Amino acid sequence: MPASYFDVDGTLITTNLVHPTLFYMLNQPTPLHSVAKLGRALVKAPWMVLAETRDRRLFNEMLFTSFEGVSEDRLVCLAEETFDKVMKPAILPKARDLVQCSLDKGHDVVLISGALDFLANRLRDHLGATDVIANRLEIKDFFATGKLLRPVVAGPEKARLVREHARAKGHNLDECFGYSDSYSDVPMLSVVGYPAAVNPDRRLKLLAQAYHWPILDLAA
């Protein structure tokens, strides 16, 4: 059975990792807690902008330090509301159709995302996907430490995770499909037999044209 591996942010939804993180910061137990979280995030903002252009793994790690001190219960309790208010409205018009098309062909549909697992799982269930590869927060004594468990799902690491998933599930990568919007995911797209550029950035679009990869627009 082939598998279809989908990047999420920019590919299936228009939001990115910042939007749900901001929602969590704005919905702390008290306004004072929210102000403190936002203040610390603003201090780190210039470094995060630099990290996003140079190292997506470092960007993810810096962004998710915002969850330090948030209780495990609150992470789970807010997940449904975060998905309903932030992620669900941002799902691109044709995203569900593309996922369903893969399912109809008998593919396993795997979402591979830098998002946190408790949010990515809700998108999986909503779209009817079969599996998720996502980031996980370290939890100690029922509170998030602000650190990510290894491996961090970002950049070239996604290619290795796709290989490992395919090997574990018995998928032949030459028969698998990959979908992404970002040039940073070229390593992931390169390990599957049938890569496609979805709502691609300029560099990925040029590469897709050069190698005759399909170019899809899910917003149309």
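What counts, and where the lines are drawn
Residues numbered from 1 in each chain as written. Predicted model: local features only at pLDDT ≥ 70, side-chain atom pairs only at ≥ 80, totals over all residues. Heavy atoms only, no water. Phe/Tyr/Trp six-rings, centres within 6.5 Å; stacked < 30°, edge-to-face > 60°. Helix = DSSP H or I, 4+ residues; strand = E, 2+ residues; numbered from the N terminus. Buried < 20%, exposed > 50% of the residue type's maximum accessible area, 1.4 Å probe, protein only. Contact = heavy atoms within 4.5 Å. 1 Å grid on protein atoms, 1.4 Å probe; cavity = no way out; pocket = protein on both sides within 12 Å on 5 of 7 lines; lining within 4 Å. Points joined across faces, edges and corners; volume = space filled by probe spheres on them. Axes fitted to C-alpha atoms, helices over the stretch in contact; angles between N-to-C directions. Parallel < 35°, antiparallel > 145°, perpendicular 65-115°, else oblique. Left-handed = near helix turned anticlockwise from the far one by under 90°. Nonpolar A, V, L, I, M, F, W, Y, C, P; charged D, E, K, R; others polar. Patch = residues over 30% accessible without salt bridge, like charges linked within 9 Å, V, L, I, M, F, W, Y side chains within 5 Å. Areas by Shrake-Rupley, 256 points an atom, 1.4 Å probe, with all protein chains shown as cover. Salt bridge = Lys/Arg side-chain N within 4 Å of Asp/Glu carboxyl O.

Chemist: Would you mind showing me how to read the packing of aromatic side chains here?
Modeler: Each pair of aromatic rings is reported with the distance of its centres and the angle of its planes. Across all of its chains, the model carries six aromatic pairs by this definition. When the ring of Tyr 24 is compared with that of Phe 118, the centres are 6.1 Å apart and the planes differ by 65 degrees; the resulting orientation is edge-to-face. Here Phe 118 lies in helix α6 (residues 117-127) and Tyr 24 lies in helix α1 (residues 18-26), a separation of 94 residues in the sequence. Classification of Tyr 24 as buried rests on a relative accessible area of 1%. Judged by centre distance (6.0 Å) and plane angle (50 degrees), the rings of Phe 64 and Phe 67 are tilted. On the basis of relative accessibility, which here comes to 2%, the residue Phe 64 falls in the buried class. Cluster of aromatic residues (ring-pair linked, three or more members): Tyr 24, Phe 64, Phe 67 and Phe 118.

Chemist: Help me out: how do you make sense of the side chain of Asn 60 in this one?
Modeler: For Asn 60, the position within the fold is in helix α3 (residues 56-63). Look at Asn 60 and you get buried, because its relative accessible area is 2%.

Chemist: Quick question: what am I supposed to make of the environment of Phe 23 here?
Modeler: Tracing the chain through its elements places Phe 23 in helix α1. Judged by relative accessible area, which is 14%, Phe 23 ranks as buried. For the pair Phe 23 and Thr 82, spaced 59 residues apart in sequence, the C-alpha to C-alpha distance is 6.7 Å. The residues contacting Phe 23, other than those within four sequence positions of it, are Leu 78, Glu 81, Thr 82, Lys 85 and Val 86.

Chemist: Teacher, can you tell me more about empty space enclosed by the protein here?
Modeler: The full count for this structure, using the stated rule, is two cavities of 30 Å³ or more. Lining the largest cavity are Leu 17, Pro 20, Thr 21, Phe 64, Phe 67, Met 87, Ala 115, Leu 116 and Leu 119. Elements with a minimum of two residues in the lining of the largest cavity: α1 and β2 (108-116). Of the voids in this model, the second largest cavity is the one considered here, and its volume is about 30 Å³. As for the second largest cavity, its lining consists of Asp 9, Ile 13, Thr 15, Asn 16, Leu 17, Pro 20, Met 87 and Ala 115.

Chemist: Can you walk me through the packing of helix α4 (residues 72-87) against α6 in this structure?
Modeler: Axis angle and axis distance: for two packed helices, these are the angle between their axes and the distance between the axes, and together they describe the pair. Their axes nearest at 9 Å, the elements α4 and α6 cross at an angle of 55 degrees. Taken together, α4 and α6 sit at an angle that is classed as oblique. In this structure, α4 meets α6 at a crossing whose hand is right-handed. Within the contact between the two elements, α4 uses Leu 75, Val 76, Ala 79, Glu 80, Thr 82, Phe 83 and Met 87 and α6 uses Phe 118, Leu 119, Arg 122, Leu 123 and His 126. Split into classes, the residues belonging to the contact of α4 with α6 amount to eight nonpolar, two polar and two charged.

Chemist: Would you take a moment to explain a nonpolar patch on the surface for this structure?
Modeler: A cluster of nonpolar side chains, contributed by Val 18, Leu 22 and Leu 26, occupies part of the molecular surface with about 230 Å² of accessible area. Examined against the element boundaries, Leu 22 turns out to sit in helix α1.

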